Each structure stands twice: as structure tokens, then as C-alpha cells.
Amino acid sequence: MERIPKLNNWIFITLAFALISCGGNGSSGKDNSQPNVLFIIIDDMNVDVNCYGGPIKSPHIDQLAASGIKFNHAYVQQPVCAASRASFLTGLRPNSTGVDYPYSHYFLDEVMPKHGTISRYFAGSGYDVKQFGKVHHGIEDENPTFKPKSKGRYYNDSINLSFENGGPKLPYEKSYDGDSEYADFKIADSVATAILAHDQSSGPFFFVAGFKKPHLIFAAPEKYWDMYDRTEIPLPVPRNLAEGSPEYAVDQYYLNQYDWETKDPQTPFTDVYARLIRHAYYASSSFVDAQVGLVLDALRESGLEEETIVLFVSDHGFLMGEQNYWGKTNLFEKGVQVPLIVSWKDHIEAGMETKALVEAVDIFPTLVDMAGLEVPGYLEGNSFKPVIEEPSLPWKKGVLSQQPRGMVADREGISMRTDRYRYTEWINTFTGEIIAQELFDYEVDPTESVNLAIYSENAKLLHELSTQLNTGWKSLLPEGVTNHSTNPLAPPSYAWGGEGKGRRAAWHKTFGGYEEEGWREATERRMSYQSTYEK
Ligand SMILES: [Ca+2]
């Protein structure tokens, strides 16, 4: 149900605060009219949570949704940790960040120093900024005011011990330890402590709470497993890759990382094993839901709910056996759709939801806009504050996600979601040639079981959608909304750090040269290779 929020109330309160701040605290340099921001980021949580109609028990996330507005069509720009976070933390799209996986040299050496991140923007606006847990992927933000990064291991200690002693690398674990043994509890506890210790008279806070579960391995204490009867856990639909979709629509990477039932992507899991893995993911999700609850409890206890915007999001979705696939890095609906909730007591009416299409890249401008700060012109998202004020407002015509494939990203899928369709175009990244198309119509096939692009009667529709997609994201903005950003196209991702070793090796094998020569020479060499190929 969509209802109109208490707009007048918001305006009244904003005006009242403006009057108070004009008359009062100008000399301190702190503006007490500005709201706090609590930005909660979950790792690998899809929309199978209860408040999105799914089977995962998520009472605290549900409660947050019931207290504000729930976005039923929110999408990330690239469905993998590093690329998605690089995008929404900077407010830039993947073509401008140059990040695939992990963070690229271009991003770290040029984009971050030039533009910074949402946290740095709020820090520069006088906010007390602290980041907790997993915010970026693979780096700690170097700004010394952003701390502490919570100590606590990714898994619980007993699981680490099992791995270290040569035990199987299972993708799941039922633990008999308490919540407090997990990193996510320690992160929640740090955030809660910081909220309760905050002195609002010293200025607003911008706290980022980055949780690590339900990301693999799907681990949780026993009590979260006990919330489910495994025999009642639904099986994935559709069980097989959509009829007519290319096999690289899913990449099966995750089946090679752990000791699953089968490492053969062509062999689906048995029903028994599929239910076990889903059970583990549900338990791990319910566990992180409880940690989110600790943070929300602290906010309530602090008495700061009316002064604090809460934004909850996951960094991307996750397929749980749909399309015969278990993992991320795919452009199906459940891979790119994320839970997105915004709550602000007495400013946003409780219990609203919207079907407006929004993108994770919109989060940066939205939070800045809601806080009453100036939205930087270089951002490649647009504030969706108008949708929060009017959930039925006609909004974006389409939203975009992308996912490269291969160690040197020789092909890439670019996907557009409209109100009714998903259109995905797979291109050869050297030539730009379209090598495959996918089309799903959610009015007739909500689970994406048939790729309608294979039917000739859809040729006209495919042409229209392809034209729309290739006209670019600015053409998909709502009527009357503009974006004047003009950022340079990033060079192809040249991977940084130990995690990028294999990718860098593949690059040098394909394009020649040595790793020591530096990323700029390597990316320039690849681009010249591409232009040669085009001739
Ligand atoms: Ca992730």
C-alpha cells in the first residue's frame, strides 16, 4: 500500500530547525539541525527476507521496514562486492570507477583521491564519521577519523580452526558458540556503543555499519538454524537455467570455492542438499538480522530516532539455486535486486512502500539531499527523496546493472530493468558486437524461466529495448530530472592487491608486458589492443 507521508511535518520541522540554527549556534561551526545518518550495509543478502515476501525470518529488518519506506525495486549497478561498493560509496557507475574485482589501481590512485566517498563527504560537512566492519571491499578507508574497524574474525573461531587443520571447506556451518563469537556481533556492539555514547550537542554523526553475513560461508549459531523446519524450505524456481539463455549468464565461480555436493555446474544439487544450503543461508541471514536488531535497539535507547535517518541496503543479491546457480555476479533479478529501506522517525511516515525503480548509485545523493547538504554535481545517481515524499510518483524509466565475464573481461552483460521487462545485452568488449540477448517479461514469467529474446516475434521489442539501453542511463531518468555529471570513462579494470593476482597474470598473458611496468601502461596497452582489434 502506498500512502502519502507527513510531508508538512517534515517541512515544518526543517523550517523550525533552520530558524533555531540561524539564531543559535552559528559560532560553533556545528549545525545541530542536521540529522544523523545510520547507514547499514549487509553483505550478499537477497530479497528473500520476510518483509519482501520471502521465507527468511527477519523480524528486525521487517520492523525497520514497517517504520519507514521499503523500496520494492532497488537494484545495484554490479552484483559483486567490490564493484557494487565502489559504485555506491562514491556515487559513480562502474564505467566511471573502473572497478570489477577487486578494487582497481585507477579507482584507488585517481577516483578516490579526486572525489572521495560518501563518508568523506559527510566528514567534510562537519559530521562525526565512523565506519564499522566491512564497508569497502579489501581496503580500509585511510582517513584516520574513520574508526574503529571492529576486530573479530570473518567466521567464528571453530570454523577457522577446522579449515586450518585441513578439514573440509564446507559452504555452511552450524555453530554451538554464542553470537558474541562472531565478527558481526562485535561490529553491532561497536556501533551500538558509539550511538549510545554520541553527544548530539557536538554535531551529527554519520555511522556506517557494515555486516559480513550472510556472505559465504553460511554460518550461524544453532538457534538461528532452529528457527526453520528444513522440510518446509522451498526449492528453487526455476531449477534450470532459463530456456534460451547463454550458459555464461551464470558463471558457476562459487561452485569451485567450497566443498559443495557437486562441483559440476551441469549437475543440479539433490533436493536434500538444496534445502540444506538454503537452510544455512536463511540461518545466516536471520543471524545478521538479529545483529541489526542490536543496533536499532541502541538507536531507540539513545533517544535519537527522531534525529537519525536510517538507510538499510545489501551490496547485491544472491541466487539460491534458481537458474541452477548458487552465487552472485549474475544479472538475473535476484542477483541484482536488493532490499532497500529508509526510515526516519516522525519525518517519514511508517509502513510505506514503493515500486519506483531506484539504483544503489542513488544512495549517496539521496542521503546528502535528506541531510540538507548540497548534492555534488559529479554524482552519477539522483536523489530519490521525491519518492520518499510521494511513493507513487512516476520515477525512472529503467535502471542499469552490468557484469563483465572472463579474466580480461572479454565479454560483458549490460542489463536494463523496466517496470515490466528485463533486457540484457551481452557484448564482446573488444568489438562492441552484441553476442547474445536476454528478455524476461515479469507480467507473464516472474521467475525468469524463458528467455523471450529467442522468439522472432519479439524482434521489434528487442530493438526498442536495445536502443533505450544504449541511449544510456541519463535517458532513463524521471521526467523533469536531470544529471549533468561528465566523468571520464575509466580504463579497463587493472586489479590491485593479492586478490587480483590471477587477473593481472591473465592480462599480461593476453596483452604482453610485465606487471612491474605499472597499471597505466598496462591499461593503455589493452586499450590499444582493442582499437587494433576494431580495425
Ligand atoms: Ca557482497
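Model, not experiment: these values are computed from the prediction.

(A) Just the overall build of the protein, in detail. Of the regular secondary structure elements, the protein holds 16 helices and 15 strands. Classification of the 535 residues of the protein by burial places 49% in the buried group. Across the protein, the fraction of contacts at a sequence separation of at least 24, relative to all contacts at a separation of at least 6, is 71%.

(B) Representation of helix α14 (residues 459-471) within the structure. The terminal C-alpha atoms of α14, which comprises 13 residues, lie 18 Å apart, in line with the 18 Å expected from a rise of 1.5 Å per residue. Those residues of α14 that fall on the buried side of the exposure criterion are Leu462, Leu465 and Leu469. Down the axis of α14, the smallest arc covering the buried residues is 70°, so these residues share one side. With respect to the buried face of α14, the exposed residues turned more than 90 degrees away are Lys460, His463, Glu464, Thr467 and Thr471. Structurally, α14 contributes buried residues whose contacts are with β13 (411-417), β14 (421-428) and β15 (434-441). Gly472, located one to two residues past α14, shows a positive phi value of around 100°.

(C) Region of the structure containing the sheet that holds strand β2 (residues 69-75). Strand order in the open sheet made by the seven strands is β3-β5-β1-β7-β10-β2-β11, with mixed pairing throughout. The open sheet has two edge strands with one neighbour each: β3 (128-133) and β11 (352-359). Mean inter-strand twist for the sheet, computed between neighbouring axes without regard to direction, equals 15°. For β3 and strand β5 (residues 205-214), the ladder comprises six bridges, and the chain directions are parallel. Across the sheet, residue Val129 finds its bridge partner in β5, namely Phe206. Across the sheet, helix α8 (residues 183-197) lies against β3 and β5, angled at about 165° from β5, the strand it touches most.

(D) Representation of helix α2 (residues 59-66) within the structure. Looking at α2, one finds that the buried residues are Ile61, Leu64 and Ala65. Projected down its long axis, α2 carries its buried residues within an arc of 100°, all on one side. Looking at the buried residues of α2, the elements they touch are β2, α10 (271-302), β7 (308-314) and β10 (340-343).

(E) Inspection of the nonpolar core at higher detail. Core analysis: the largest hydrophobic core is formed by 142 residues, its most contacted members being Ile40, Val191, Phe207, Ala209, Val295, Leu311 and Leu367. Of the residues forming this core, the biggest block, 14 residues, is contributed by α10. Look past the residues within four positions of Ala209 in its chain and what remains in contact with it is Leu38, Ile40, Phe132, Gly133, Ile187, Val191 and Val295.

(F) Layout of unusual backbone geometry. In the segment running from Leu216 into Ile217, the intervening peptide bond is cis, with an omega of 0°. Following the sequence through the fold, Ile217 ends up in the loop between β5 and β6 (218-221). You will see that Asn324, though not glycine, has its phi angle at about 50°, which is positive. Of note, Asn324 is situated in the loop between β8 (319-320) and β9 (326-327). Located in the positive-phi region is Thr329, a residue other than glycine, with phi close to 50°. Here Thr329 falls in the buried class, since 25 other C-beta atoms lie within 10 Å of it.

(G) Fine view of the sheet that holds β15. Reading across the sheet, the four strands line up as β12-β13-β14-β15 and stay open at both edges, with antiparallel pairing between neighbours. Of all strands in the sheet, those with a lone pairing partner are β12 (399-405) and β15, marking the two edges. On average, each strand axis in the sheet is tilted by 15° relative to the strand beside it, whichever way the strands run. Taken together, the seven bridges between β14 and β15 define a ladder with antiparallel strand orientation. Its bridge partner being in β15, Tyr423 is matched across the sheet by Leu439. Here α14 sits on the sheet in contact with β13, β14 and β15, set at roughly 70° to β14.

(H) Spotlight on the pairing of β6. Burial of the side chains of β6 extends over both faces: Phe218 and Ala220 are buried on one face and Ala219 and Pro221 on the other. The sheet contact formed by strand β4 (residues 172-175) and β6 spans four bridges and is parallel. The residue bridging Tyr172 from the neighbouring strand is Phe218, located in β6.

(I) Region of the structure containing the environment of Val387. Its place among the elements puts Val387 in helix α13 (residues 385-389). Residues Val387 and Ile69, 318 residues apart in the sequence, show an inter-C-alpha distance of 9.5 Å. Ignoring sequence-local partners within four residues, the contact set of Val387 consists of Thr354, Ala356, Val358, Leu393 and Trp395.

(J) Representation of the environment of Lys385. Its location among the elements puts Lys385 in helix α13. The sequence separation of Lys385 and Ile363 amounts to 22 residues, and the corresponding C-alpha distance is 9.8 Å.

(K) Up close: the confidence of the model for the protein. Per-residue pLDDT for the protein has a mean of 90; in total, 89% of the residues score no lower than 70. Element-level pLDDT for the protein is lowest in helix α1 (residues 7-23), with a mean of 38, against a maximum mean of 99 in β7. Note that pLDDT drops below 50 for residues 1-30; the model gives that stretch 30 contacts with residues more than four away or on any other chain.

(L) Examining the packing of α2 against α10 more closely. The geometry of α2 relative to α10 is characterised by a closest axis approach of 7 Å and an angle of 50° between their N-to-C directions. Here α2 is positioned oblique relative to α10, judged by the angle of their axes. Across the interface between the two elements, Pro59, His60, Ile61 and Leu64 of α2 pack against Asp289, Ala290, Val292, Gly293 and Leu296 of α10.

(M) Up close: the pairing of β10. Burial along β10 is two-sided: Leu340 and Val342 and Ile341 and Ser343, pointing in opposite directions, are all buried. As judged from the three bridges shared by β2 and β10, these two strands associate in the antiparallel manner. By the bridge assignment, Phe71 is partnered in β10 with Leu340. Taken together, the four bridges between β7 and β10 define a ladder with antiparallel strand orientation.

(N) Representation of the packing of α8 against α10 within the structure. As a packed pair, α8 and α10 sit with axes 9 Å apart at the nearest point and diverge in direction by 10°. Here α8 is positioned roughly parallel relative to α10, judged by the angle of their axes. For the pair α8 and α10, contact is made by Asp184, Phe185, Ala188, Asp189, Val191, Ala192, Ile195 and Leu196 and by Val288, Gln291, Leu294, Val295, Ala298, Leu299, Glu301 and Ser302, respectively. For the contact of α8 with α10, the per-class residue count stands at eleven nonpolar, two polar and three charged.

What counts as what
Residues numbered from 1 in each chain as written. Predicted model: local features only at pLDDT ≥ 70, side-chain atom pairs only at ≥ 80, totals over all residues. Helix = DSSP H or I, 4+ residues; strand = E, 2+ residues; numbered from the N terminus. Buried ≥ 20, exposed ≤ 12 C-beta atoms within 10 Å, placed from the backbone. Contact = placed C-beta atoms within 7 Å. Expected span 1.5 Å × (residues − 1). Arc of directions from axis to C-beta. Pairing = 2+ DSSP bridges. Axes fitted to C-alpha atoms, helices over the stretch in contact; angles between N-to-C directions. Core = buried A, V, L, I, M, F, W, Y, C linked by C-beta atoms within 7 Å. pLDDT = per-residue confidence, 0-100. Parallel < 35°, antiparallel > 145°, perpendicular 65-115°, else oblique. Nonpolar A, V, L, I, M, F, W, Y, C, P; charged D, E, K, R; others polar.

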